[in-house]
Amino acid sequence: MSPSVPLQEMIRAIRSARTQCEERGVIQRECASIRAQFRQADNGGRSHNLAKLLYVHMLGYPAHFGQMECVRMIASPRYSEKRVGYLGAMMLLDEKQDASLLITNSIKNDLSHSNQYVQSLALCTLACMGSAEMCRDLAPEIDRLLRASNSYIKKKAALCAVHIVRKVQDLGELFAPAARSLLAEKNHGVLHGAVVLITELCERNPETLAHFRKTVPDLVHIMKGLVISGYSPEHDVAGISDPFLQVRILRLLRILGHNNETASDAMNDLLAQVATNTDSTKTVGNAVLYETVLTVLDIKSESGLRVLAVNILGRFLLNNDRNIRYIAMTSLQKIVGTDHNAVQRHRGTIVDCLKDQDASVKRRALELSLALVSASNIRSMMKELLLFLTSCPPELRAHAASGIFNAAERYAPSQRWHIDTILHVLTTAGGDVRDETVPNLIQLITNASELHCYTVHKLYRALLTDISQQSLVQVACWCIGEYGDLLLRGECQETEPVQVTEDNVLDALETVLQSHMSSPATRAFALTATMKLSTRITDNVDRIRSIVSIYGSCIDVELQQRAVEYNALFKKYDHMRYVRKRVFVFLPLACCLHSIYKWKKEADRSRQQRLLAKRRYFNAECSIFPTAPTMTVYEKNGVTLTVSCDRQSDSDLTVTLSASNSTDSDISSFTLQAAVPKVCFTNSNETSCHHGYRGISVELTILLPLQVNLKMRIRISYTRLGSAFQDTVQIDSFPGLSAAGH
């Protein structure tokens, strides 16, 4: 290849190369020729050679040896060489290289050049790769050009000033006066550059906001001129006059009106005019409308204007373009917390987006749907979300399940509905739920004592249907172990009666234990449930003993330890096995959201009637204070807590906790909780709470094994005179309870 081949021929030769090796050969030969010509003192084809080198650089090949040639060409008096030299500097130089400092003086000289196009080259290069040092040295020159009479230069200088502000934030004050004066220009390019510069100044230095908020009337005037102006071929895009400038102005108004009521009031009418008069049938119009919506939602706008903005986003949801639907839901997600009712009007459209084929749109629709769930629409929204869960992509299933759990916990209309919803999720996506789902559901079932029979029947049927969902199987095994006796009775008003035998229940648990789908944790649930059934059933204790003994040599250490301990209960401590009933680690004894009143006057019939109504509501007796020996265990802030103990049998004890108020003020949100050692067990079915005129008392039945001293830890929390209190009390001895025989 001849050293003097034109750029076009070099490009043609490179493109005609059939292999990459052949292409490298062509480029290497041409680069060698370019190096040789660069070393010549008098070279008339320097710009031609540098242009070829820049093309080589664009292909990804090394071209750093042309950096110094760029410096020399920038200093050339010829415009054709300056143009290529500046282009090479923007492509081959950056602020980290020392060679870039060599062109600072040339740029400064060219900024004062009589030719506007030479000035433009210098401005573009400085805006592209100017370092912080170069910006500090040349900032006064840029400020001077911002005040020039040439609109073409002022536009370039404004964009160059933006780069300088980004590099050296302290120089922003230098450009503030000139930037404000540029808003009086008629040239659209200058206006666009001025708006971009002011936006940058406001974002970089909040202290300048007060200065530029005075320009809001000017910006509103410019924007109104764009909205009401007729057809302008020079700036018209799809029927919208200069949409680029409109978008920039709207963004600046959003910054100036944020958290400022005066500036917001000045732009409310304009925003309403733009929102109602902009054509939404074209993408350009939608871009302007979207920026208008963001501005309305970010300033202190009127309520009617915010509703209008939300309605625009609602129309975006109906657009065939998925990108527009996506940004609409993204915007609604940001405002659903503050404008919840306005977003609720578009709930149907948002729910329909759950069926969209695009994964991104579907994810946004899911997040927005979960945010729209409230106490008034929980049932209808949950039907849609559960339907979506059955067909949603695997990557969204965990997020959907988590959101449904949170919504159900927050807005559940009833405990049965809550349990049914969670069981439906576990049946559909049990493998994708969070780890804390199982203990949370167990706690929920525990607290719903009237639904124990219904829940155990439903979980038993689910266990027979599918044992692949590990979370569901774990909860089912726990529930069968705790309430297996209710399952065997076959009497449940909430569900269709079914006859279940002891062998049926044990067969189901053995299936779980033997299934290859069961995890070690699931097998542990099943083994423990099998053991607990030994106190619930009568005819299959030997079979249970046989099942448990098999796992005494299990390779899983956890299962092996459980089996060994359970075998010991059968052999050495069989009397302990029958003591074991319901399992509670921490039992809430009383949670009264009403006040505890001190009974002061017998003639106060109105208060007496209120208390009687409360007593009827809780189905309690009025004679609440025990006659057995009592002991005061807590006395603070007017609240007194006493305890008494009454032995029912060798192992059954009734502990009575009584709380009263000795002050003239009300005590509200009173919560009393108690915990006993793991060797002792409480029976939730034998716990009662009584409310009377002076306070409340709780009777708790405790199963106390032999040779064990009863201890109890009590947690008390309440609110008095607007202040919340919480204390913990440790009881190591009880009145009337002797340790002898235990």
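The name given to the protein chain in an unreviewed UniProt entry is AP-1 complex subunit gamma, with the source organism recorded as Anabas testudineus. UniProt, in the comment section headed Sequence similarities (unreviewed entry), describes the protein chain in these words: "Belongs to the adaptor complexes large subunit family."

Q: I tried to follow the overall build of the protein chain on my own but got confused; where do I start?
A: A tally of helices and strands in the protein chain yields 33 helices and 12 strands. In the protein chain, buried positions account for 51% of the 742 residues. When contacts within the protein chain are restricted to residue pairs at least 6 apart in sequence, long-range pairs at least 24 apart make up 67% of them. In the structure as shown, the protein chain presents an accessible area of about 35,600 Å², 49% of it carried by carbon and sulfur atoms.

Q: What is the right way to look at the packing of aromatic side chains in this model?
A: Remark: the centre distance and the inter-plane angle together describe each pair of aromatic rings, the angle taken between the planes. Scanning the entire structure with this criterion turns up five aromatic pairs. With a centroid separation of 5.8 Å and an interplanar angle of 85°, the aromatic rings of Trp 478 and Tyr 483 are classed as edge-to-face. By relative accessible area, Trp 478 is classed as buried at 12%. Since its relative accessible area comes to 2%, Tyr 483 is described here as buried.

Q: What is the right way to read the pattern of salt bridges from this model?
A: When charged atoms on two side chains of opposite charge get close, those side chains can pair. According to the stated counting rule, one finds 29 salt bridges in the structure shown. Among the salt bridges present, the one from Asp 542 reaches Arg 545, with a minimum N-O distance of 2.7 Å. You can see Asp 542 and its partner Arg 545 sitting in helix 30 (residues 541-550), three residues apart, about one turn around the helix. Judged by its relative accessible area of 56%, Asp 542 is exposed. The residue Lys 636 makes a salt bridge to Asp 727 at a minimum N-O spacing of 3.4 Å.

Q: So what exactly am I meant to see when it comes to the environment of Met 223 here?
A: In this structure, Met 223 sits in helix 13 (residues 216-228). Measuring from C-alpha to C-alpha, the distance between Met 223 and Leu 270 comes to 7.9 Å, with 47 residues separating the pair along the chain. Not counting residues up to four positions away in its chain, the partners in contact with Met 223 are Gln 246, Ile 249, Leu 250, Leu 270 and Val 274.

Q: Would you mind going over the nonpolar core with me for this structure?
A: One recurring pattern in soluble globular proteins: nonpolar side chains tend to sit buried together. Counting 178 residues, the largest nonpolar core has Ile 142 and Phe 175 as its most contacted members. The residues contacting Ile 142, other than those within four sequence positions of it, are Leu 111, Leu 123, Leu 126, Ala 157, Cys 160, Ala 161, Ile 164 and Phe 175. Of all hydrophobic cores here, the second largest spans 27 residues; its members include Val 643, Cys 645, Ala 674 and Val 676.

Q: Just checking my understanding: could you explain helix 2 (residues 20-38) for this structure?
A: Spanning 19 residues, helix 2 covers 27 Å between terminal C-alpha atoms, matching the ideal 27 Å at 1.5 Å per step. For helix 2, the complete set of buried residues consists of Gly 25, Val 26, Ile 27, Glu 30, Cys 31, Ser 33, Ile 34, Gln 37 and Phe 38. Here the buried face of helix 2 lies against helix 1 (7-15), helix 3 (46-58) and helix 4 (67-74).

Q: Just to check I follow, could you spell out helix 29 (residues 520-532) for this structure?
A: Each α-helix turn comprises 3.6 residues. Residues three or four places apart therefore point the same way. Between its terminal C-alpha atoms helix 29 stretches 18 Å, which fits the 18 Å expected from 13 residues at 1.5 Å a residue. By the criterion of burial, helix 29 is predominantly enclosed, with 10 of the 13 residues buried. Of the positions making up helix 29, those classed as buried are Thr 522, Arg 523, Ala 524, Ala 526, Leu 527, Thr 528, Ala 529, Thr 530, Met 531 and Lys 532.

Q: Sorry, what's going on with the pairing of strand 12 (residues 723-731) here?
A: Here is the key point about a regular strand: its side chains alternate between the two faces of the sheet. Two strands pair when backbone bridges link them, and strand 11 (residues 712-720) and strand 12 are joined in this way by nine bridges, in the antiparallel orientation. Bridging from a neighbouring strand, Arg 715 pairs with Thr 728 of strand 12. In sequence, strand 11 turns back onto strand 12 through a hairpin of two residues, with Leu 721 there showing a positive phi of about 55°.

Q: How do you make sense of the packing of helix 3 against helix 5 (residues 79-92) when you look at a structure like this?
A: Two quantities define a packed helix pair, namely the angle between the axes and the distance from one axis to the other. In the contact formed by helix 3 and helix 5, the axes pass within 10 Å of each other and the chain directions differ by 25°. The angle between the axes of helix 3 and helix 5 places the two elements in the roughly parallel class. The way helix 3 lies across helix 5 gives a crossing that is left-handed. Two secondary-structure elements touch here, helix 3 through Arg 46, Ser 47, Leu 50, Ala 51, Leu 54, His 57 and Met 58 and helix 5 through Ser 80, Glu 81, Val 84, Gly 85, Leu 87, Gly 88, Met 91 and Leu 92. A per-class count over the contact of helix 3 with helix 5 returns eight nonpolar, five polar and two charged.

Q: Any chance you could explain a negative patch on the surface here in plain terms?
A: A grouping of Glu 261, Asp 265, Asp 269 and Glu 302 is seen on the molecular surface, where their side chains present a negatively charged patch. In this structure, Glu 261 sits in helix 15 (residues 261-277). On the basis of relative accessibility, which here comes to 51%, the residue Glu 261 falls in the exposed class.

Q: Explain the packing of helix 29 against helix 31 (residues 557-571) here, please?
A: As a packed pair, helix 29 and helix 31 sit with axes 10 Å apart at the nearest point and diverge in direction by 5°. With respect to each other, helix 29 and helix 31 are oriented roughly parallel. Across the interface between the two elements, Pro 520, Arg 523, Ala 524, Leu 527, Thr 528 and Met 531 of helix 29 pack against Leu 559, Arg 562, Ala 563, Tyr 566, Leu 569 and Phe 570 of helix 31. Across the contact of helix 29 with helix 31, the residue classes tally to nine nonpolar, one polar and two charged.

Q: What am I meant to see in the pairing of strand 11 here?
A: The sheet contact formed by strand 7 (residues 667-675) and strand 11 spans seven bridges and is antiparallel. Looking at the pairing, Ser 668 lines up with Thr 719 of strand 11.

Q: Help me understand unusual backbone geometry in this model?
A: Most peptide bonds take the trans form, and the phi angle of most residues other than glycine is negative. Look at Ala 238: it is not a glycine, yet its phi comes out positive at around 55°. When you line up the elements, Ala 238 lands in the loop between strand 1 (236-237) and strand 2 (240-241). For Asn 637, which is not glycine, the phi torsion reads 55° and is therefore positive. Relative to the assigned elements, Asn 637 resides in the loop between strand 4 (630-636) and strand 5 (639-647). You can call Asn 637 partly exposed: its relative accessible area is 27%.

Q: How should I be thinking about the side chain of Thr 330 in this particular structure?
A: Relative to the elements of secondary structure, Thr 330 occurs in helix 18 (residues 322-335). At 3.5 Å, the side chain of Thr 330 forms a polar contact with the side chain of Arg 364.

Q: Can you walk me through the environment of Thr 455 in this structure?
A: Along the chain, Thr 455 falls in helix 26 (residues 452-465). Of the residues examined, Thr 455 reaches a relative accessible area of 1% and is grouped as buried. Separated by 24 residues in the primary sequence, Thr 455 and Cys 479 have C-alpha atoms spaced 7.8 Å apart. The residues contacting Thr 455, other than those within four sequence positions of it, are Ile 419, Ile 445 and Cys 479.

Q: Could you clarify how one ought to interpret the confidence of the model for the protein chain in this entry?
A: Low-pLDDT stretches of the model should not have their predicted coordinates read in fine detail. Put simply, the protein chain has an average pLDDT of 82, and 86% of its residues get 70 or more. The low-confidence segment residues 579-626 (pLDDT under 50) makes 119 contacts with residues lying over four places distant or belonging to another chain.

Q: In this structure, what is going on with the environment of Asp 94? I would like to understand it.
A: Positionally, Asp 94 belongs in the loop between helix 5 and helix 6 (104-111). Sequence separation of Asp 94 and Ser 131 is 37 residues, and the distance between their C-alpha atoms is 7.9 Å. Residue contacts for Asp 94: discarding those within four places in its chain leaves Ser 100 and Met 129.

Q: Sorry if this is basic, but what is going on with the state of the cysteines here?
A: By definition, a disulfide links the sulfur atoms of two cysteines through a covalent bond. By the definition in use, this model includes zero disulfides. Cys 128 takes part in no disulfide bond, and the closest cysteine sulfur, belonging to Cys 124, lies 8.8 Å away. Classification of Cys 128 as partly exposed rests on a relative accessible area of 43%.

Conventions adopted
- Residues numbered from 1 in each chain as written.
- Predicted model: local features only at pLDDT ≥ 70, side-chain atom pairs only at ≥ 80, totals over all residues.
- Heavy atoms only, no water.
- UniProt positions renumbered as here; feature names shortened; annotations may be inferred.
- Helix = DSSP H or I, 4+ residues; strand = E, 2+ residues; numbered from the N terminus.
- Buried < 20%, exposed > 50% of the residue type's maximum accessible area, 1.4 Å probe, protein only.
- Contact = heavy atoms within 4.5 Å.
- Areas by Shrake-Rupley, 256 points an atom, 1.4 Å probe, with all protein chains shown as cover.
- Phe/Tyr/Trp six-rings, centres within 6.5 Å; stacked < 30°, edge-to-face > 60°.
- Salt bridge = Lys/Arg side-chain N within 4 Å of Asp/Glu carboxyl O.
- Core = buried A, V, L, I, M, F, W, Y, C linked by side-chain atoms within 4.5 Å.
- Expected span 1.5 Å × (residues − 1).
- Pairing = 2+ DSSP bridges.
- Axes fitted to C-alpha atoms, helices over the stretch in contact; angles between N-to-C directions.
- Parallel < 35°, antiparallel > 145°, perpendicular 65-115°, else oblique.
- Left-handed = near helix turned anticlockwise from the far one by under 90°.
- Nonpolar A, V, L, I, M, F, W, Y, C, P; charged D, E, K, R; others polar.
- Patch = residues over 30% accessible without salt bridge, like charges linked within 9 Å, V, L, I, M, F, W, Y side chains within 5 Å.
- Lys, Arg positive; Asp, Glu negative; His and termini not counted.
- Charge placed at Lys NZ, Arg CZ, Asp CG, Glu CD.
- Polar contact = N/O pair within 3.5 Å; in protein donor to acceptor, adjacent residues only side chain to side chain.
- pLDDT = per-residue confidence, 0-100.
- Disulfide = S-S within 2.5 Å.

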